[in-house]
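Structural features, examined
Residue-level listing of the chains:
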Amino acid sequence: MTISERLYNLRKDKKISQEELANILGVSRQTISKWETGESTPDFDKIVPLCEYFKITSDELLSGKKDIIEADKTENKKQFAKNLAISVALYISSIIMIIFFSTAFDLAELGVCLFFFINAIATGLIIYNGIVYGKKVEKENEKEKKKENMTIKLICEIIDIIGVIVYFLVSFTTGAWHITWIIFLIVALCQVIAKLIYGIKNEGSEGEENE
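These figures come from a predicted structure and were not determined experimentally.

Some points on the overall build of the protein
- When you go through the protein residue by residue, the secondary structure sums to nine helices and zero strands.
- Its helices and strands taken in sequence order, the protein reads α-α-α-α-α-α-α-α-α from the N to the C terminus.
- Classification of the 211 residues of the protein by burial places 26% in the buried group.
- Residue pairs at least 24 apart in sequence account for 58% of intrachain contacts in the protein once pairs closer than 6 positions are excluded.
- Accessible surface, the protein as shown: approximately 14900 Å² in total, 65% of it carbon and sulfur.

Observations concerning helix 3 (residues 29-37)
- Turning to helix 3, its buried residues number three or more, namely Ile32, Trp35 and Glu36. The buried residues of helix 3 occupy an angular sector of 95° when the element is viewed end-on, so they sit on one face.
- Looking at the buried residues of helix 3, the elements they touch are helix 1 (3-14), helix 2 (18-25) and helix 4 (44-54).
- Gly38 occupies a position one or two residues after helix 3 and carries a positive phi of about 85°.

Concerning unusual backbone geometry
- Of note, the phi angle at Lys15 is positive, near 60°, even though the residue is not glycine.
- Looking at the secondary structure, you find Lys15 in the loop between helix 1 and helix 2.

Observations concerning the packing of aromatic side chains
- Tallied over the entire structure, the rule returns two aromatic pairs.
- Considering the side-chain rings of Tyr53 and Phe54, the 5.1 Å spacing of their centres and the 70° angle between planes classify their relative orientation as edge-to-face.
- Phe54 gets classed as buried once you look at its relative accessible area, which sits at 9%.
- Residue placement shows Lys14 over the ring face of Tyr53; its charged tip is 5.0 Å from the ring centre.

Points about the side chain of Asn119
- Looking at the element boundaries, Asn119 is found in helix 7 (residues 108-174).
- Not counting residues up to four positions away in its chain, the partners in contact with Asn119 are Tyr91 and Ser94.

Topic: the nonpolar core
- Residues Leu25, Ile32, Leu50 and Leu61 are the most contacted members of the largest nonpolar core, which totals 16 residues.
- Listed by contribution, the elements that provide at least two residues to this core are helix 1, helix 2, helix 3 and helix 4.
- Core analysis: the next-biggest nonpolar cluster, separate from the first, contains five residues, Ile159, Tyr167, Val187 and Ala194 among them.

Description of the packing of helix 2 against helix 4
- Close contact between helix 2 and helix 4 brings their axes to 10 Å; oriented N to C, the two are set at 120°. It follows from the interaxial angle that helix 2 and helix 4 lie oblique. In terms of crossing hand, the pair formed by helix 2 and helix 4 is right-handed. Across the interface between the two elements, Leu21, Ile24 and Leu25 of helix 2 pack against Lys46, Pro49, Leu50, Tyr53 and Phe54 of helix 4.

Points about the environment of Val48
- Mapping Val48 onto the fold places it in helix 4.
- Measuring from C-alpha to C-alpha, the distance between Val48 and Leu61 comes to 10.0 Å, with 13 residues separating the pair along the chain.

Some words on the pattern of salt bridges
- What the rule picks out here adds up to one salt bridge.
- The partner of Glu36 in a salt bridge is Arg11, and the shortest N-O contact between them spans 2.5 Å. One end of the pair, Glu36, is in helix 3; the other, Arg11, is in helix 1, with 25 residues separating them in the sequence. Take Glu36 and Arg11: they sit in the same class, and that class is buried.

Brief notes about the side chain of Arg11
- On the accessibility criterion, Arg11 (5% relative accessible area) is buried.
- Among the polar contacts made by the side chain of Arg11, one reaches the main-chain carbonyl oxygen of Ile16 at a distance of 3.0 Å.
- Beyond its immediate sequence surroundings of up to four residues, Arg11 is in contact with Ile16, Ser17, Gln18, Leu21, Glu36 and Phe54.

Rules used in this analysis
Residues numbered from 1 in each chain as written. Predicted model: local features only at pLDDT ≥ 70, side-chain atom pairs only at ≥ 80, totals over all residues. Heavy atoms only, no water. Helix = DSSP H or I, 4+ residues; strand = E, 2+ residues; numbered from the N terminus. Buried < 20%, exposed > 50% of the residue type's maximum accessible area, 1.4 Å probe, protein only. Contact = heavy atoms within 4.5 Å. Areas by Shrake-Rupley, 256 points an atom, 1.4 Å probe, with all protein chains shown as cover. Arc of directions from axis to C-beta. Phe/Tyr/Trp six-rings, centres within 6.5 Å; stacked < 30°, edge-to-face > 60°. Lys NZ or Arg CZ within 6 Å of the ring centre and 35° of its normal. Core = buried A, V, L, I, M, F, W, Y, C linked by side-chain atoms within 4.5 Å. Axes fitted to C-alpha atoms, helices over the stretch in contact; angles between N-to-C directions. Parallel < 35°, antiparallel > 145°, perpendicular 65-115°, else oblique. Left-handed = near helix turned anticlockwise from the far one by under 90°. Salt bridge = Lys/Arg side-chain N within 4 Å of Asp/Glu carboxyl O. Polar contact = N/O pair within 3.5 Å; in protein donor to acceptor, adjacent residues only side chain to side chain.

This is the structure in structure tokens:
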């Protein structure tokens, strides 16, 4: 994918027009159009504002590093699913072999031999699939989950700090120490709400990606 295609996709994902992006960057709409058609490339002084606006690194914009990583993830998941489907098909065909050779040719022994042979291939494919692609997919999912956990943990810590500050400010100002402990209950409630909102947001993002 070229830089022009990446810029076009980034703008479309943001759902803004060329004119709106041009106003943000302080250039003309024609300049944005030339960038997206490949007639010209962004000047050096426009790379940083572009990256800041789209929340990506310069490597992702210029070389498509993120696109390559995402493509690898997608390819791993596709290959894992493909190998699993082949294994299931082999298991089913092994049963068909027994029935076919037993009824059509009265060669039950041959059918049984083919049954075990095909099952061995299917089992070997599943083991290979789990070792090679299964671990890759699992590792990618763990990284994404770990990143999400770190984000919500940071949000909860910030809420904790704000809660403690508010607690002491209100307590010292009013002197109502016997009541202000309720603030910590509110802090706990805010953390639960933040986790729920973050969880719903992630589920919505996954749903949009699946569509």
